[in-house]
Amino acid sequence: MRREDGQPVCERCWDRPQRECSRCHTVDLVKALTADGPLCPRCYRDQRDHGECGLCGDTVPLARRATETQPACCYRCYRRPIQHTTCAFCGQQRDCQRLAGEHWVCRQCMPKPKRPCGHCGRSRPIAATWPLGPVCQPCYGRLRYGGRPCRTCGQIRPLTGRDDNGTAICGPCAGHASPPPCRICATADAYAHGACARCLLHARLRDLLADPTGQVPTQLTPLIDELTSTPNPVRMLTWLQTTTSSQLLGRLAASGEPISHATLDALPAGHDECYVRALLVRTNVLPPRQESLDRISPWLDRLLAERPTRHAQLLQPYVQWELLRKLRRRSARGRSVDGHALKIRAEALLILEFLTWLDSRKLTLATLRQGHLEDWLDSGPARRHGLCMFLTWAHRRGLTDAHDITPVRHSRDSRFLTDDERWAQLRECLISDAFPLRIRVGRALTLLYGLPASRIRHLTAADIQHSGTESYLRLRTSTLFLPPRMADLLAELAATTRDEPLLPPSAATQQWLFPGNIPGQPMSAPGFSLLMRRHGFHVQPARIAALVALAEKLPAPVLAELLDISIDTAHKWAAYTQPNWSAYLAVRDQDSADRAL
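Criteria and cut-off values
Residue numbers run consecutively from 1 along every chain, following the written order of its sequence. In view of the model being predicted, local features appear only for residues whose pLDDT reaches at least 70, and side-chain atom pairs are presented and counted only at 80 or more, with totals across whole chains, interfaces and linings using the full set of residues. Based on all heavy atoms of the structure, the side-chain values leave hydrogens and waters out of the count. Like charges within 9 Å and nonpolar side chains (Val, Leu, Ile, Met, Phe, Trp, Tyr) within 5 Å are joined into patches, using only residues over 30% in relative accessible area that form no salt bridge. Exposure was quantified through the Shrake-Rupley algorithm and a 1.4 Å probe, taking into account, for residues, occlusion by the shown protein chains and nothing else. Salt bridge, as used here: a side-chain nitrogen of Lys or Arg that lies within 4 Å of a carboxyl oxygen of Asp or Glu. By the counting scheme adopted, Arg and Lys are positive, Glu and Asp are negative, and His together with the chain ends is not counted. The location of each charge is read from NZ of Lys, CZ of Arg, CG of Asp or CD of Glu. The secondary structure listing takes helices from DSSP runs of H or I that are at least 4 residues long and strands from runs of E that are at least 2 residues long, numbered from the N terminus. Buried, partly exposed and exposed residues are distinguished by accessible area as a fraction of the type maximum, computed with a 1.4 Å probe on protein chains only: under 20%, between the cut-offs, and over 50%, respectively. When we speak of the arc, we mean the arc of directions from the helix axis to the C-beta atoms. Residue contacts are defined here by distance: any two heavy atoms, one from each residue, within 4.5 Å place the two residues in contact. Residues belong to one nonpolar core when they are buried, are Ala, Val, Leu, Ile, Met, Phe, Trp, Tyr or Cys, and are joined through side-chain atoms within 4.5 Å. Any pair of nitrogen or oxygen atoms within 3.5 Å is treated as a polar contact; in protein, a donor-acceptor pairing is required on top of that, and neighbouring residues in sequence qualify only through side-chain atoms on both sides. Should DSSP find at least two bridges between two strands, the strands are taken to pair. For helices, the fitted axis covers only the stretch in contact; all axes are lines through C-alpha atoms, and the angles between them, taken along N-to-C directions, range from 0 to 180 degrees.

Engineer: Let's hear about a positive patch on the surface: which residues, and what values?
Structural biologist: On the surface, Arg325, Arg329, Arg333, Arg335 and Arg397 cluster together into a patch of positive charge. By the element assignment, Arg397 lies in the loop between α14 (388–396) and α15 (419–431). Given the relative accessible area of 45%, Arg397 is considered partly exposed.

Written out as structure tokens, the structure reads:
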């Protein structure tokens, strides 16, 4: 094929012409040319050849005529020629189609050409061609299943065309035939069984969440309303049909008992339980709680269920009144506790390992001596030195003698970045498209400002602030100036992640730039680290290089205020570079004295 300017294009990228159908007189894509004139796809299907299918025996429209080697078959029985062979791209044994020459390609690896979307303007694989032009898959879902009032006819329909002024109008007003309306609401196109996707979703949710009497409990009514109002009901229907989380939700509703946090705590811990709990909290069915801390007590109860009672009498008070109390105070001050909650679990397992060793030696904490302790420390990994806090706590309560245990500190990563390597990686993140967008943003924030992963994971769209032509990134108590290219990347990421969660946030303050798999929660710390490592990026050396570079140029008080870190941490980083900031302090004191006068 050739365009009007003479440039050749393949059949996949060719924009098929639209003409008036000789049968229904609507302007649509030309499916066939007959003696009477062009036919649109719908009229072509209506008058195609009817006959007996050689496979099922029904008299229906035929997709393929009979040949010497193959019988005629209908569209229901027709299958495109495929071969179960090795894919030329991924190397897996799958059902493949011939791409070009002798190359066989599976469906997952089949190349999808990118073209500028007529709605958002981005170059993406095209899902459909409408009167407004080619439409990408995200825009197709938003427009196809999210009707709005048409400026021309006033009907609520998908706005798939544009008038001469560029205003969005519906398909019929643009000369494009639309599917039949929904038989329930009549405001959207039918999706399946004569109903639109939203009405079908509402009906299936009521069936899923019905109690033994067939009625939906009042407690779950907000859940149905929230799930039905999703901007992409087709995706929600897929979630209902394919996930085990929806099956667990249905079993909880079918039990007829009220759902509470205690009900979910009694279930086996796993992804489904976490997902359902977060979904119920997100839809205001359950009250919110500090999940990383409140999950420790049920986990500890399950852990101690098969342990001796004497172990529980030691571990329960230590975890509840020593470790969890400190973390709740930290959480009340607005500090992150996710990483500390994981450390509590690791320490509890270490203590149980130590108590089991004591039982095997017929020892107790009261009869424990320094030699026994050193034997246990030397016979295992270095993480056993983390027992010092528990032994100190036990000594304060008179449960054991004083013991000498030196905590072992390990460097997480011995690799360091030079300043040239740091700037080269930062330049690659800002300019190159070789990595996914969220990888580029996470790397750039680490390399430029030395932000920890916990701070990056909890960034929201509301943290991106604008003042005139300048952009800033808001941290907890400070704001960072964003270079123009960095600001563009963050704005693009905010626009990309807006429609990524199953339930979009109700406000920008709840829209995570790094959303996780659990509704309403950001990406987990292990998930963020794994995502970065998969693309060859190690956070620790990059953060060290950024903090050292900033500490060389900024005094510790300014560094602490700018990056929202403690003054002690800022002084430690400044000590590596050993600058003399006495002149800066003198100037600052003189300025303060001048203002006082």
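Engineer: Help me get a handle on unusual backbone geometry, residues and values and all.
Structural biologist: Notably, His25 is not glycine yet its phi reads approximately 60°, a positive angle. Here His25 lies in the loop between β1 (18–20) and β2 (27–29). His25 gets classed as exposed once you look at its relative accessible area, which sits at 55%. In the Ramachandran plot, Asn284 falls in the positive-phi region, its phi being about 65° despite a non-glycine side chain. Judged by relative accessible area, which is 67%, Asn284 ranks as exposed.

Engineer: A description of helix α4 (residues 221–228) should follow, citing residues and the corresponding values.
Structural biologist: For α4, every residue scored as buried is listed here: Leu223, Ile224, Leu227 and Thr228. Projected down its long axis, α4 carries its buried residues within an arc of 120°, all on one side. Looking at the buried side of α4, the elements it contacts are α3 (197–208), α5 (233–242), α6 (244–254) and α8 (271–282).

Engineer: Describe the pattern of salt bridges, listing the residues and the values that go with them.
Structural biologist: Tallied over the full model, the rule gives 18 salt bridges. Residues Arg295 and Glu273 are paired through a salt bridge, measuring 3.0 Å at the closest nitrogen-oxygen approach. Taken as a pair, Arg295 in the loop between α9 (291–294) and α10 (296–304) and Glu273 in helix α8 lie far apart in primary sequence, 22 residues in all. Note that Arg289 is salt-bridged to Glu291, the shortest N-O span being 3.1 Å. Taking relative accessible area as the criterion, Arg289 reaches 23% and is therefore assigned partly exposed.

Engineer: Which residues make up the nonpolar core, and what values go with them?
Structural biologist: Grouped together as the largest cluster of nonpolar side chains are 47 residues, with contacts concentrated most on Val441, Leu445, Leu451 and Leu490. When contributions to this core are tallied by element, the ones reaching two or more residues are α15, α16 (437–449), β20 (479–482), α18 (484–496), α19 (525–534), α20 (539–553), α21 (556–563) and α22 (567–577). Ranked by the residues each element gives to this core, the list is headed by α16, at eight residues. Apart from the residues lying within four places of it in its own chain, the contact partners of Val441 are Met486, Leu489, Leu490, Leu493 and Phe514.

Engineer: Outline a negative patch on the surface, listing residues and values.
Structural biologist: On the surface, Glu374, Asp375, Asp378 and Asp404 cluster together into a negatively charged patch. Take Asp375: it is sitting in helix α13 (residues 370–378). For Asp375, a relative accessible area of 45% puts it in the partly exposed group.

Engineer: Explain the side chain of Arg440 residue by residue, including any values.
Structural biologist: For Arg440, the position within the fold is in helix α16. Under the relative-accessibility criterion, Arg440 is labelled buried at 5%. In this structure the side chain of Arg440 is engaged in a polar contact, spanning 2.8 Å, whose partner is the backbone oxygen of Cys429. In contact with Arg440, not counting residues within four places along its chain, are Cys429, Leu430, Ile431, Ser432, Asp433, Phe435, Arg485 and Leu489.

Engineer: Tell me what's going on with the sheet that holds strand β18 (residues 464–467), and back it up with residues and numbers.
Structural biologist: The strand order across the open sheet formed by three strands is β18-β19-β20, and the pairing between neighbours is antiparallel. Two strands in the sheet have a free side with no partner beyond their single neighbour: β18 and β20. Averaged over all neighbouring strand pairs, the angle between strand axes comes to 35°, with direction disregarded. Examined bridge by bridge, β18 and strand β19 (residues 470–474) share four bridges and lie antiparallel to one another. If you follow Gln465 over to β19, its bridge partner there is Tyr472.

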